[in-house]
Amino acid sequence: MNDIKISTEYITLGQFLKLANCASTGGHAKIMLAEAMVKVNGEDEARRGRKLYAGDAVSVEGCGAFRIVPAQEE
């Protein structure tokens, strides 16, 4: 599982997909979500605006599994 560091309280799922290099654009992220390629904490997720907080786990079909961590955590 790869860690994705955020320096804010949360990140939206659409922003996360781009930050994790799973989606190249917001439109690409929208397609991935519509095709049920993304799970947040083990549940299918289709909302680009879903807020992800430290500790959330995201798995993306064809891209990998990730954990959200605060930027100051090592």
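Residues numbered from 1 in each chain as written. Predicted model: local features only at pLDDT ≥ 70, side-chain atom pairs only at ≥ 80, totals over all residues. Heavy atoms only, no water.

- As annotated in an unreviewed UniProt entry, the protein is S4 domain-containing protein YaaA from Paenibacillus apiarius.

1. A few points about the state of the cysteines
No. 1: Here the structure, examined in full by the defined rule, presents 1 disulfide.
No. 2: A sulfur-sulfur separation of 2.1 Å characterises the disulfide bridge that pairs Cys22 with Cys63. Judged by the torsion about the S-S bond (-85°), the Cys22/Cys63 disulfide is left-handed. Placement of the pair is Cys22 in the loop between α1 (13–19) and α2 (26–34) and Cys63 in the loop between β6 (57–60) and β7 (64–70), with a sequence separation of 41 residues. (Disulfide = S-S within 2.5 Å. Helix = DSSP H or I, 4+ residues; strand = E, 2+ residues; numbered from the N terminus.)

2. Things to note about the pattern of salt bridges
No. 1: A complete count under the given rule lists 4 salt bridges for this structure.
No. 2: Taking the shortest distance from any N to any O, the salt bridge between Lys39 and Asp44 comes out at 2.6 Å.
No. 3: Glu45 serves as the salt-bridge partner of Arg47, at 2.8 Å between the closest nitrogen and oxygen.
No. 4: Among the residues examined, Glu45 registers a relative accessible area of 8% and is labelled buried.
No. 5: It is possible to trace a salt-bridge network through shared partners that takes in Glu45, Arg47 and Arg50. (Salt bridge = Lys/Arg side-chain N within 4 Å of Asp/Glu carboxyl O. Buried < 20%, exposed > 50% of the residue type's maximum accessible area, 1.4 Å probe, protein only.)

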